[in-house]
Number of protein chains: 2
Amino acid sequence: MIRGNILNVFTGEVYPAEITIKSGIITCVKKIEGDFDGIIIPGLIDAHIHIESSMLTPSFFAKAVVPHGTTAVVTDPHEIANVWGLDGINFMLNDAEKVPLRLSFTAPSCVPATEFETSGADIGPDEIDILLEKEEIVALGEMMNFPGVINGDPQVMAKIASAKRHRKPVDGHAPLLSDGELCSYVSAGISTDHECSSLEEALEKRELGMKIMVREGSSAKNLEDLISAGGDFLVSDDKHPQDLLEGHLDYIVKKAIKLGMDPVEAIKMVTINPAEHYSLNMGAISLGRVADFILIDNLTSFNVKKVFIGGELVAENKSALFDASHQDQSNSIALEKLEPSDFRIQASGNEAIVRVINVSDGQIITSESEARIQIINQDLVPDTSLDVLKISVIERHGKSIAFKNKEGSADRESLNNNNNNNNNRLENLSNLCTAFVKGFDIKEGAFASSVAHDSHNVIVIGTDNQYMSQAVNTLIENKGGLVAISKNGKKSLKLPIAGLMVDDDVEIVSSKLQELHNMALEMGCSLESPFMTMSFLALLVIPQLKISDKGLFDVSKFEFVDVIKKIIN
Amino acid sequence: MIRGNILNVFTGEVYPAEITIKSGIITCVKKIEGDFDGIIIPGLIDAHIHIESSMLTPSFFAKAVVPHGTTAVVTDPHEIANVWGLDGINFMLNDAEKVPLRLSFTAPSCVPATEFETSGADIGPDEIDILLEKEEIVALGEMMNFPGVINGDPQVMAKIASAKRHRKPVDGHAPLLSDGELCSYVSAGISTDHECSSLEEALEKRELGMKIMVREGSSAKNLEDLISAGGDFLVSDDKHPQDLLEGHLDYIVKKAIKLGMDPVEAIKMVTINPAEHYSLNMGAISLGRVADFILIDNLTSFNVKKVFIGGELVAENKSALFDASHQDQSNSIALEKLEPSDFRIQASGNEAIVRVINVSDGQIITSESEARIQIINQDLVPDTSLDVLKISVIERHGKSIAFKNKEGSADRESLNNNNNNNNNRLENLSNLCTAFVKGFDIKEGAFASSVAHDSHNVIVIGTDNQYMSQAVNTLIENKGGLVAISKNGKKSLKLPIAGLMVDDDVEIVSSKLQELHNMALEMGCSLESPFMTMSFLALLVIPQLKISDKGLFDVSKFEFVDVIKKIIN
């Protein structure tokens, strides 16, 4: 039995009440007389987040966010599904079972993201159907393949049809889509969007009946622009470890209130609205719903004092009252140690004109430039004076080896032809592509990471083949994660779980990440988040020039292009 | 392509637009410039109606309501299911298929209503599960058995669990339920209520998270009392043929606007709100939804000018542009002709003190009184001077005969004992119970009807056995319906389809009903709707004294009671 001032999200009223709970379910809410401190509101629900963005396993993520009032998340396990497929989703479920945070999932709709890369799994319409049958899968996840929707791609349409058959909603992802194309997209039955970046965009989508997820995460921050859009949800989409230290949904609601949003409206966007949309038995202090609620100081400063899940006090004064659990997981980096020579870009001649991927700080869009590069010992070499570094993506799911078994005697040459590019390959037939990148400005050393959207192959940027192989080999030893290496030594953030996450406290992960950022700065790189910027260079659906394990990729042409434009003798 | 001012229910705005339609679906809505008359709003949806209350088959019901702007109904086929079970629901579906009105169904949750009567079918948890699997069944129908919910009756809970499994909502029916009992009812997962009769009741239910269906039908009119409750839907529940002449949802919306409701709010309650709640792809002039919309003159007078369903003009100037269809249906009145002696209440002695069912005009609640009655030729006879008439309910589903086959040699006496009452029985073993009723004030003659909630057995009220048998025999000849008989002749409204409906135009049915009402008045009966009042006398779940084919029933005791309290010699 709990007593206090409660917020009724159905009526918007606040009144003193007594909440009776049985087996974690609210069985009675009775108005009483009394003078209480603070207000009890329903537990906060993030309607759209990729937990993997926190680099924490679900249970350590829970330990980080529950003290901030988050009692449930609808998470799209898109990242881990690209590595481990359905097993990855089961891992997330099992890991979260030991902590009170409630996890619901969307079935990741776009795995792999494209056919131009090697992912760890392929989730087709049949797998989607299996997933949507499960109670914990509450929707079809964000449909990023909007060209597929617009053109009526049979695989895409089969996935959407499966969701309709299961009476589950389809989440959207349609940045800047508008007019006729947006019409086709919405017509297919996609009901939410979290990619609006301007008020105009949000209003157009809302007018068409889409529910608007106003996003305020670590990468994209749209709240200020969309505050007057009349959105339906407040979501984070992604949340990096450092940002989790200052809060999660409580941070967003606080900001919304400061920006002038009615507090009750803001609270509804993270309680009853997501609960209703995804048919979750929560989101209100009301009968028959789970007893998930939080005590805040008041509706203006919105400080979370206590958190209850299933009627149990699970966090108080910003500390979790439960432990996260550790998990043994198989190594997901299916790679043998590499040699410096593996990073050679083989060519005869003196110099070459090459394509270069140009990055800008804080942007996931790249541009293409060209550079004149020396050929030494039949290898194209980076030019740090021009900030033209080498970048490689190396298949790490063990799929290329499977390819060898299947084909019998595929050799390096046939693979090269097959992949429509002229880059070098590992002898063990893991796919590896090397090209050039500009914007990182490392003077001597390399960065490597096993977080590289969306297939999460190993990505490495370096000033020479030696540093690149050292960085990747350290990553392999670490079973995944982030590595920075220079003449002064090396720093790592180990992410041994699927190469994406670690079972450790957010404070520790944040501080290691900070050390990596500091080291990057010492190495000459002044990007705000060099590893995050690097992680998007393999994302083939965002323009302009990108790289996968299979080749250098021109997003506009939607085809592979050669690294070398011209050889100069 | 249709152009005009459209109402966007997502934003509440009205603007000129061009609607593009392909295969009945809206594929584009484009803002344009232009000066147009009237406003196009989404087609109206009744979230809760029993079509059978109109006495019209679905297709003739469609012909009556579509010109008033109704393009879809969520109908609870509770009445026909009590007669024909699942076949009845299929009949409704098939009959409606030939007309443009869209029918969705709820699975009737309480068939039969009690175990103290003989219905034509029994819909248990297994049948509910089969029904809920179907796409056209969008919810579990109104859960009238609230004691069953509160006490956790396993059959009731199994039906609710089936709805949850199918991710379909459960409709409520909880008149005057409050406090702890209401808590239990809502806790079970029941999400709507259409039985609120006071603002206080509606606010209590809303506070608990129930969606409020504000009802304004032919029997119950709650709009005026609930106008400020912040309800979610406007519904009719039932609509008698005469009332359909003046409108359906258009009538309710018009009244709501007159009472001060914001027109856009009122429109949402009969468009997007029911569409969202029951996951119907309609309710907005928006992409991917069916092209069901209506042209009204303006948001104040709310006169429906044109009606489009699936992009086709289906009604104009209050006339349907389609034909309703006729259906051959088997006779649902499984009865042989009766003799006057079948209505005898056998007793020795000179007089008897008997229980009398007292009716009040416009009420479905009865009270119990007693009367001193003469015994002539060992038969208790009515006393018109006291307005104490005979009333009988006769099983008409052929189930009692099945009972004979099963039991072999069940005779009248054993049946009487079995049923805990001392009334007479038909030799052919159809159940028949005769008792006394006060309030109809017929001076000479009888009324008979095959509409008698909820089992819809034949009910008859008369001044002597002769008239009663004549009325019932006419009803049998007519294959069901309403009959009035007096010394001046007889009038009928034939309802040959399940004894509940007729495939005829609303104008004709209304005029026949009016003739019956006129004749009733001539016979001395001044009740406003004598046949409706009679139809509720077999409804065993509404207090106080009621009658079924199995006996006279005390609703408070929830058991059968004797007709004769005392014999006077």
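The coordinates are above.
A brief look at the structure comes next.

Summing up its helical and strand segments, chain A has 18 helices and 29 strands in all. For chain A, the C-alpha radius of gyration of 25 Å lies close to 25 Å, the compact-globule estimate for 569 residues. In terms of overall dimensions, chain A has a C-alpha envelope of 90 × 50 × 45 Å along the principal axes. Taking all 569 residues of chain A together, 62% fall into the buried category.

Let us now look at the packing of helix α4 (residues 125-133) of chain B against helix α6 (residues 154-165) of chain B. Residue and element names in this part refer to chain B. Closest axis-to-axis distance for the α4/α6 pair is 9 Å, and the angle between their directions is 15 degrees. Considered as vectors, α4 and α6 are oriented roughly parallel to each other. Two packed elements cross with a definite hand, and for α4 against α6 that hand is right-handed. Note on element contacts: α6 touches α4 through Q155, A158, K159, S162, A163 and R165, opposite P125, I128, D129 and L132.

Our next topic: the interface of chain B and chain A. In this assembly, 27 residues from chain B lie in contact with 27 residues from chain A. When the buried surface of chain B facing chain A is broken down by residue, B:R167, B:E207 and B:L287 rank first, second and third, together holding 34% of it. For the pair chain B and chain A, the number of links is four salt bridges. In this structure, the connection of chain B to chain A is made through 10 residue pairs in polar contact (both at pLDDT 80 or more). Contributing elements (two or more residues each) for the side of chain B that touches chain A: β3 (25-31), α7 (179-187) and α8 (199-207) of chain B. The element that contributes the greatest number of residues to the side of chain B that touches chain A is β3(B), accounting for four residues. For the side of chain B that touches chain A, the per-class residue count stands at 10 nonpolar, nine polar and eight charged.

Let us look at the packing of aromatic side chains. Applying the stated criterion to the full structure yields 18 aromatic pairs over all chains. Relative to A:F558, the ring of A:F553 lies with its centre 5.2 Å away and its plane at 80 degrees, an arrangement referred to as edge-to-face. Look at A:F553 and you get buried, because its relative accessible area is 0%. A ring pair is formed by B:F293 and B:F308, whose centres lie 5.2 Å apart and whose planes are at 40 degrees; its orientation type is tilted. Taken together, the residues B:F293 in strand β13 (residues 293-296) and B:F308 in strand β14 (residues 304-309) connect sequence positions 15 residues apart. Overall, B:F293 belongs to the buried group, its relative accessible area being 0%. By relative accessible area, B:F308 is classed as buried at 13%. Put simply, the rings of A:F116, A:F553, A:F558 and A:F560 pair up and form one aromatic cluster.

Our focus in this paragraph is the sheet that holds strand β28 (residues 559-561) of chain B. Residues and elements named next belong to chain B. Strands sit in the order β26-β27-β28 across an open sheet of three strands; the sheet is antiparallel. Across the chains shown, the open sheet's two edge strands, defined by having one partner strand only, are β26 (545-548) and β28. For this sheet, the mean inter-axis angle between neighbouring strands, taken without regard to orientation, is 45 degrees. In this structure, β26 lies alongside strand β27 (residues 551-554), joined through four bridges in antiparallel fashion. Across the sheet, the residue bridging to S548 is G551, located in β27.

Below, the discussion takes up the nonpolar core. In this structure, A:L234, A:V354, A:L380, A:F440 and A:F447 are the most contacted members of the largest nonpolar core, which totals 158 residues. Tallying contributions element by element places helix α17 (residues 506-522) of chain A first for this core, with six residues. When neighbours within four sequence positions are excluded, A:V354 is seen to be in contact with A:S369, A:E370, A:A371, A:I373, A:L380, A:F436, A:V563, A:I564 and A:K565. One finds A:V29, B:L7, B:L234 and B:I461 within the second-largest nonpolar core, a separate group that totals 156 residues.

All names here are of chain A. Read from one edge of the open sheet, three strands run β10-β11-β12, paired in parallel fashion. Of all the strands in the sheet, the pair left with one neighbour each is β10 (192-193) and β12 (233-235). In this structure, β10 lies alongside strand β11 (residues 211-215), joined through two bridges in parallel fashion. Directly across from T192, in β11, lies its bridge partner K211.

Counted by the stated rule, this structure contains 42 salt bridges over all chains. With a shortest N-O distance of 3.2 Å, B:K31 and A:E207 are connected by a salt bridge. Taken together, the residues B:K31 in strand β3 and A:E207 in helix α8 (residues 199-207) connect one chain to another. Residue class for B:K31 comes out partly exposed when judged on its relative accessible area of 48%. The salt bridge involving A:R355 is made with A:E368; its shortest N-O contact spans 3.0 Å. Taken as a pair, A:R355 in strand β17 (residues 351-358) and A:E368 in strand β18 (residues 367-376) lie far apart in primary sequence, 13 residues in all.

Note on the copies: chain B fits chain A at an RMSD of 0.1 Å, the axial shift is 0.0 Å, and the rotation between them is 180 degrees. Those values place the two copies in the arrangement expected of a two-fold rotation axis. Distance from the rotation axis, computed per C-alpha, reaches its smallest value in chain B at B:R167: 3.5 Å. Here 100% of the interface residues in chain B have copies in chain A that are interface residues too; the copies meet face to matching face.

Residue and element names in this part refer to chain A. Counting buried residues along helix α1 (residues 58-65), seven of its eight residues qualify, which places the element largely inside the surrounding structure. What α1 keeps buried is the set P58, S59, F60, F61, A62, A64 and V65. Structurally, α1 contributes buried residues whose contacts are with β5 (44-49), β6 (70-75), α3 (86-96), β7 (102-107), α10 (241-244) and α17.

About the criteria used
Starting from 1, residues in each chain are numbered consecutively following that chain's sequence as written. Here every chain gets a letter starting at A, and every ligand a number starting at 1, in the order they are written. Residues qualify for local features only when their pLDDT is at least 70, as the model is predicted, and side-chain atom pairs are given and counted only at 80 or more; totals for whole chains, interfaces and linings, by contrast, use all residues. Water and hydrogen atoms were dropped before computing side-chain values, which therefore reflect all heavy atoms in the structure. By definition, any uninterrupted DSSP run of H or I lasting at least four residues is a helix, any uninterrupted run of E lasting at least two residues is a strand, and each is numbered from the N terminus. Radius of gyration here uses only the C-alpha atoms, and the compact-globule reference equals 2.2 Å multiplied by the residue count raised to the power 0.38. Residue burial is assigned from relative accessible area. The probe radius is 1.4 Å, only protein chains are included, and a residue is buried under 20% of its type maximum, exposed over 50%, and partly exposed in between. Between the N-to-C directions of two axes lies an angle of 0 to 180 degrees, each axis being a line fitted to C-alpha atoms and, for a helix, fitted only over the stretch in contact. Angles are sorted into four bins: roughly parallel if under 35 degrees, roughly antiparallel if over 145, roughly perpendicular if 65 to 115, and oblique for all others. We call a crossing left-handed when the near helix sits turned anticlockwise from the far one by less than a right angle, and right-handed when that turn is clockwise. Pairs of residues are marked as contacts when any of their non-hydrogen atoms sit within 4.5 Å. Buried area is calculated as the accessible area (1.4 Å probe) missing from two parts once they are joined, with the contributions of both summed. A carboxyl oxygen of Asp or Glu within 4 Å of a side-chain nitrogen of Lys or Arg is what we treat as a salt bridge. Pairs of N or O atoms are called polar contacts if they sit within 3.5 Å, as long as, within protein, a hydrogen donor faces a hydrogen acceptor (for residues adjacent in sequence, only side-chain-to-side-chain pairs). Each residue gets one of three labels, nonpolar for Ala, Val, Leu, Ile, Met, Phe, Trp, Tyr, Cys and Pro, charged for Asp, Glu, Lys and Arg, and polar for the others, Gly among them. Stacked, edge-to-face and tilted labels apply to pairs of Phe, Tyr and Trp rings (six-membered ring for Trp) whose centres lie within 6.5 Å, assigned for plane angles under 30 degrees, over 60, and everything in between, in that order. For two strands to be treated as a pair, DSSP must find no fewer than two bridges joining them. Note on terminology: a nonpolar core comprises buried Ala, Val, Leu, Ile, Met, Phe, Trp, Tyr and Cys residues joined through side-chain atoms within 4.5 Å. A least-squares fit on C-alpha atoms brings the copies together, and the residues used are those whose pLDDT is at least 70 in both copies.

These figures capture arrangement, not role.
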